[in-house]
Structure formats: structure tokens, C-alpha cells
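Understanding the architecture of this molecule
As a plain string of letters, each chain reads:
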Amino acid sequence: MKLNVNDTFLKELPADSIVENSIRQVNESCYSFVNPTKTEAPEIVHVSPDVAKMLGISEEEEKSEEFLKVFTGNKIIENTTPYAMCYGGHQFGHWAGQLGDGRAINLAEINNDGKQWAIQLKGAGVTPYSRTADGLAVLRSSVREYLCSEAMYHLGVPTTRALSLSLSGDQVMRDVLYNGNPAYEKGAIVCRVSPSFLRFGSYEIFAARKDHQTLKMVVDYTLKHFYPECEPNKLGYIQFFKAVSLKTLDMIVHWQRVGFVHGVMNTDNMSILGLTIDYGPYGWLEGYDKRWTPNTTDSEHKRYAFGSQSNIGLWNLLKLANALYPLIEDAAPLEEILADYKKLYAGKYLGMMKAKIGLEENHEDDLKLIQDLETNLKRTETDMTIFFRKLSNISRDMIIAEKDEVSFLEKVSDAFYKPEELKGEALFFWKDWMNRYLKRLQQESYSDAEKKDRMDKINPKYVLRNYMSQIAIDAADKGDYSIIDELFNLLKKPYDEQPEAEKWFAKRPEWARTKVGCSMLSCSS
Ligand code: AMP
Ligand code: MG
């Protein structure tokens, strides 16, 4: 396998001088050299052909013994020195100090077709940052990360990618519900791919330690490679912060568009490139509930619930601003950028929601129309994905002429979990909303067909519902990887009609409502 290695992070940033793989605080360095742990009986479960191609790996190489060894950590790529990155982070609102790649090991950076990619194994063994944990990952969480990062990419959401999903062949002990019932699970390794795995916490750690020299080095490195329009001076650092703020905002608007809840928006899980990163106890909205979070660890405070993601993005940006402050020494421009985020988010969110219901022109009542829609979606449990997808079938002229509100509701009725609840007040509010919506649609200039076409390009038909991953996981655990493959291929075309896959365009089955892994997830992975 011929990979074009080009390690910029290693060459341009300071390394930990200690090479022994022991748990410790790592000062004045951005990473520590560490090799993946060899595994017992590795096995490739799935490979993303697109990502392999993106990295310059041929189909033949993909099937080779060398591929298996390299991407399960059993062979080091020639001329490379794997490493774990040092970072810190705010977890659930509190500074947690040094975190770092506790179970991720970067193999190398490679260059293909003029693009730079960092490749990283998640679950490949302990590193100096493993703290009290084992550096490993289990099949369940690895299937979820592998499928979701590729699904997000095809949905058009900025994200890290995944090259491969493998079994390590080793057993890993986990207490899934943290209730004193640990059990062995199959160990797994995902190879993740991104232009960079730098996070907000990669800057916070040096600011917290008042190590402004290393802070400047890592910021200047980031500018040089990922924000070349920003010069390494005070003005450039402000522009950099503005750019990160816009990318973060854009990513979160996408999350809201597709109904994705990250679940653990700690600052160590916020990419400096505005990519969705670290797929842990994430989830997809089924009923449209802004207070919903899949993360059981957060079920009390709901800090990272669906409707809180934009505010948390802002909170995290404030922490990044604090980290960059020593290089800028002027709070006003940073505060201005944070204030702009709020305004920009409100505008972008409204635009996105309007697009979801097929509106393009601007009318003063649009905000109210969207707010009332969200209230209706919540009033009786309504499936987000099905509702928006089916809404594109509404033909405005026909229905207004007939004044047939019931036929309107019929068009979206598959989205209601309990259609019998659609009576009284709930029905009244829906009728009121649909009349206003139909009138408002009349003010748009495009045809019904054009409207449908536009809406179907932003309202996915297929998303990775939590229960779907769970079905794939349960089969994979028994050695059947066919559902992983089926979902992987289904989610490559989330906006297309795929008649043979209609069974995946359905509300969550009732058995999945309370099943662990389907409705709620812990951080145990
Ligand atoms: P996460 O919540 O997955 O983003 O992880 C937070 C921190 O804990 C990061 O520093 C991870 O590297 C570390 N971590 C999570 N799971 C493990 C594990 N099994 N072994 C070692 N470190 C871990
Ligand atoms: Mg993380």
C-alpha cells in the first residue's frame, strides 16, 4: 500500500520529550509518540470505498493483508511515527484540565490529490492521555461512529469521515448503564479521517497552563494550514476566531436541519474546522422535541438537548475566545463576534426552517409561522423526518380551492405517532396553521414541482435512527455484517427515493421507545 505521507503536525509542532507510554501530564508539547497496541485476531468489518479512494487506496489494496494490519494498529506505515494529541476541555460546563487522545492514535497525515488528511485509529490502545481508562472501544459504539460519520457526510453536514470499521479480536469490559453490571463486549477500531483533529480544547490547554508560546505555535500552525487567509498577527487571530465562529454556526444549523443531537458538546469535542466530531451518545430526533437528548448522563440538566445546541456552540466559542485572548489582548472584537453569532444564528435558522417548508421570499409573519409549526409538532408527538419529507407533497392550489384541511393532514399523517390525538385543540391549531401556510405558499413564485424538488433536497428521507443502528449492532455482534452494509449504502443517498428501502422510512417501532441504545445512550463506549 503506497500512501503519500506528509506529517505537518509532527514536523511543525513540539513533541513530548518522554517517549514512554505512561499516563501523565504532558507539558509544552502538542502530542506524544505512541504506537497502537497489537490485537489478538483483527478482522475488517466494513470499508468506505469513497474514503479509501479519497486517500489514494486502491480496491486491491483495500482487500490486502497490509490494509487489515495497518488499520487495526498491527503494522506501522513506513516512515511514520504514530502519536496521540494533547488537549484539554470544558466538560458539562466545567474545566476538566488535560484530556487528550486517550484512545485515539494518529497514524499519520497523508496527502492525496492535493488534499491533506490526518488518519486516526479510535480504540487502538492506551496512550499517555488515557487517564483511568483502557484506550479501547467496543463494537456497539464503533458501528455507530462509523455509520453516522459517513451518513452525515452524505447529508451534506460538515463532518469527519470514517475509512474502516474493524474488530480487534479482543474482549473489552464495559458497564453500559453504569449500574454495576459490567460485561465483556467485542473490541473494535474505527479509522477516522479528517483534515485535522484539532479541537477547541487543543488551544484551551495551553491558555490554561499560561503556556503562551506553545499556544501561539498551535494557532499559527492552524492558520497556515487551515485558515491561510488569516495572517499570524492580532488582526489575523481575530479573523480566525470569526471564521471558526461562522463554521461552528453553520454546522449547528445543519444539525438542526436534519434532527441530529450531538449529545456531548464539550469543548474537547468541538472541531476547530467546524466539523462534527466524536460520535458518542448522539441521537436523531424522532418526535420533534427540542428538550430531547439521547445522553443519559445529561438527562437531568439536558445541557446538550436538541434545542440548546446553538447556545452551547456559543458558550464553547466563548471558551475558545478566552483561550485566544492572550494572543489578542483585546476583548472587544471577540465580544462583537460572539454577539454577531446570536444574530446570525437567528437569521440562518429562520432561513433554514423556511427552506424546509418550501418558502424563499421574505414576509413579516414568517417567524411566527415557523414558531407555530414547531409548537404544533411538539403538541402531539410528530416524527420530524417524516413530517418534513411528506410536506413536500402538499399542492397549494388544489387544497385551497377545496378547502379540504383533512386531506392536508392526510398527506402528513404518517408522521403522527398517535393520530387519534389529533382532535380538539390540537386539530384546531393544525388547521389554523395549514391555512396560513397554504396562503403563504401562494406568495412564492415557483411551481409545486419545483417546490417539491427543492424541499426534497434538504429534507432527508432516510436518517440513521437510533433503533436502526441498534439492529445493525445486534446482528454484527452475532457476526452478521449485512445490515451495516445495507444501512451504509442506504445512507449514501439520503435524499433519494429508494423504493426497495421503504421500510426504513418509518416511525420508530414501539419496542425501540425505551430500549437502551435506541432511545437513550450512555457515554460508555
Ligand atoms: P469523549 O467523551 O469520548 O469525547 O472522551 C473524553 C475524554 O476521555 C477524551 O480525552 C477521551 O480520549 C477519553 N476517553 C474516553 N473513553 C476512553 C477510553 N476507553 N480509554 C481512554 N480514554 C478514553
Ligand atoms: Mg472526545
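The numbering scheme is per chain: residues are counted from 1 as the chain's sequence reads. Chain letters start at A and ligand numbers start at 1, both assigned in the order the entries are written. Reporting of local features is limited, given that this is a predicted model, to residues whose pLDDT is at least 70; pairs of side-chain atoms are given and counted only at 80 or more, and all residues count toward the totals for whole chains, interfaces and linings. No hydrogens and no water enter the side-chain calculation; it runs on all heavy atoms of the structure.

1. A short note on the overall build of the chain
Secondary structure elements follow DSSP: runs of H or I of four or more residues count as helices, runs of E of two or more count as strands, with numbering from the N terminus. Each helix and strand in the chain was counted, giving 18 helices and 12 strands. In this setup the radius of gyration rests on C-alpha atoms only. A globule is expected at 2.2 Å times the number of residues raised to 0.38. The globule rule puts the C-alpha radius of gyration for 525 residues at 24 Å, and the 24 Å found for the chain is close to it. Each principal axis of the C-alpha distribution contributes one length, and for the chain these read about 75 × 55 × 45 Å. Burial classes: relative accessible area under 20% of the type maximum marks a residue as buried, over 50% as exposed, and values in between as partly exposed (1.4 Å probe, protein chains only). The buried share of the chain, reckoned over its 525 residues, is 58%.

2. Section: the site of ligand 1
Around ligand 1 sit 17 residues, and of these Gly100, Gly102, Arg131, Gly135 and Asn269 come closest. Contact distances for ligand 1 include 2.7 Å between an oxygen atom and a side-chain N or O atom of Arg131. In the analysis that follows, any N or O atom pair within 3.5 Å is treated as a polar contact, provided that within protein one partner can donate a hydrogen and the other can accept it, and provided that, for residues neighboring in sequence, both atoms belong to side chains. Backbone polar atom of Gly135 to a nitrogen atom of ligand 1: 2.7 Å apart, as the coordinates give it. For every accessible area listed, the method is Shrake-Rupley and the probe measures 1.4 Å; residues are considered covered only by the protein chains on display. Expressed as a share of its isolated accessible area of 490 Å², the protein-covered part of ligand 1 is 81%. Charged residues are taken to be Asp, Glu, Lys and Arg, nonpolar residues to be Ala, Val, Leu, Ile, Met, Phe, Trp, Tyr, Cys and Pro, and polar residues to be all remaining types, Gly included. Residue classes in the shell around ligand 1 are distributed as four nonpolar, six polar and seven charged. Annotation comment: domain bounds sourced from an automatic or database domain assignment. For the shell around ligand 1, the two domains that each supply at least three residues are domain 1 (8–201) and domain 2 (213–356). In these notes, residues near a molecule or strand are those with any non-hydrogen atom within 4 Å of it.

3. Some remarks on the domain arrangement of the chain
Examined at the domain level, the chain breaks down into domain 1 (8–201), domain 2 (213–356), domain 3 (366–445) and domain 4 (466–512). Its C-alpha centre places domain 3 at a distance of 28 Å from the equivalent point of domain 4. Listed by partner, the interface residues are nine residues for domain 3 and eight residues for domain 4. When domain 3 packs against domain 4, the two sides together hide about 690 Å² of surface, and 54% of this comes from carbon and sulfur. Joining two parts hides part of their accessible area as seen by a 1.4 Å probe, and the buried area is that hidden amount summed over both. For the domain 3 face of the interface with domain 4, the top three residues by lost area are Ile386, Arg389 and Tyr417, together amounting to 74%. Salt bridges are counted wherever a side-chain nitrogen of Lys or Arg sits within 4 Å of a carboxyl oxygen of Asp or Glu. Counting every contact that joins domain 3 to domain 4 gives two salt bridges. Between Arg508 and Glu381 there is a salt bridge, with its nearest N and O atoms 3.3 Å apart. At the junction of domain 3 and domain 4, the tally comes to six residue pairs in polar contact (both at pLDDT 80 or more). Any two residues whose heavy atoms approach within 4.5 Å are treated as being in contact.

4. Notes on the state of the cysteines
Two cysteine sulfurs form what is called a disulfide whenever their separation falls within 2.5 Å. What the rule picks out here adds up to zero disulfides. Here Cys30 is not cross-linked by a disulfide; its sulfur's nearest cysteine counterpart is in Cys86, at 7.5 Å. By relative accessible area, which is 2% here, Cys30 ends up buried. No disulfide involves Cys523; its nearest neighbouring cysteine sulfur is the one of Cys148, lying 15 Å away. Cys523 gets classed as partly exposed once you look at its relative accessible area, which sits at 28%.

5. Quick look at the packing of aromatic side chains
What counts as a ring pair is set by centres within 6.5 Å for rings of Phe, Tyr and Trp (its six-membered ring), and what kind of pair is set by the plane angle: stacked under 30 degrees, edge-to-face over 60, tilted for all other angles. Within this structure, the stated rule accounts for 27 aromatic pairs. Between Phe9 and Tyr221, the ring centres sit 5.5 Å apart and the planes meet at 85°, which makes this aromatic pair edge-to-face. You can see Phe9 sitting in helix 1 (residues 8–12) and its partner Tyr221 sitting in helix 7 (residues 212–226), a full 212 residues away along the chain. Ring geometry for Trp430 versus Trp433: centroids 5.9 Å apart, planes at 85°, classification edge-to-face. Taken together, the residues Trp430 and Trp433, both in helix 15 (residues 424–441) and three residues apart, mark about one turn of the helix. Pair check on accessibility: Trp430 and Trp433 agree, each one buried. An aromatic cluster is defined as three or more aromatic residues linked by ring pairs; in this entry it consists of Phe9, Tyr31, Phe33, Tyr83, Tyr221 and Phe226.

6. Brief notes about the environment of Val47
Tracing the sequence through the fold places Val47 in strand 2 (residues 43–47). In contact with Val47, not counting residues within four places along its chain, are Ala52, Glu62, Phe67, Tyr146, Leu163 and Ser164.

7. Some words on the side chain of Ser149
Along the chain, Ser149 turns up in helix 5 (residues 139–155). Look past the residues within four positions of Ser149 in its chain and what remains in contact with it is Thr159, Thr160, Arg161, Ala162 and Tyr279.

8. What to know about the environment of Lys423
Within the secondary structure, Lys423 sits in the loop between helix 14 (405–412) and helix 15. Sequence separation of Lys423 and Leu318 is 105 residues, and the distance between their C-alpha atoms is 45 Å.

9. A short note on the side chain of Thr214
You can see Thr214 is positioned in helix 7. Note on Thr214: relative accessible area 4%, which makes it buried. Apart from residues no more than four positions distant in its own chain, Thr214 is found in contact with Pro14, Glu28, Ser29, Cys30 and Phe206.

10. A look at the pairing of strand 10 (residues 183–194)
In terms of burial, strand 10 is a largely internal element, nine of the 12 residues being buried. At least two bridges found by DSSP between two strands are what make those strands a pair. The pairing of strand 7 (residues 115–122) with strand 10 spans five bridges and is antiparallel. Each residue of the ladder has a partner; that of Lys122, found in strand 10, is Val190. With two bridges connecting them, strand 8 (residues 137–138) and strand 10 associate as antiparallel partners.

11. Observations regarding helix 15
Expected helix span is given by 1.5 Å per residue-to-residue step, counting one fewer step than there are residues. The end-to-end C-alpha distance of helix 15, which contains 18 residues, comes to 26 Å, matching closely the 26 Å that a straight helix rising 1.5 Å per residue would cover. Among all positions of helix 15, only Ala426, Trp430, Trp433, Met434, Tyr437, Leu438, Arg440 and Leu441 are buried. Buried residues in helix 15, looked at end-on, bunch into an arc of 155°, giving them a common side. Across from the buried face of helix 15, at angles greater than 90 degrees, the exposed residues are Gly424, Glu425, Phe428 and Lys439. Note that the arc is defined by the directions from the helix axis to the C-beta atoms.

12. Let's talk about unusual backbone geometry
Its identity as a non-glycine residue notwithstanding, Phe92 has a phi of 45°, on the positive side. Counting through the fold element by element, Phe92 comes out in the loop between strand 4 (88–91) and strand 5 (94–98). The exposure class assigned to Phe92 is partly exposed, which follows from its relative accessible area of 27%. Notably, Tyr178 is not glycine yet its phi reads approximately 50°, a positive angle. When you line up the elements, Tyr178 lands in the loop between strand 9 (161–174) and strand 10.

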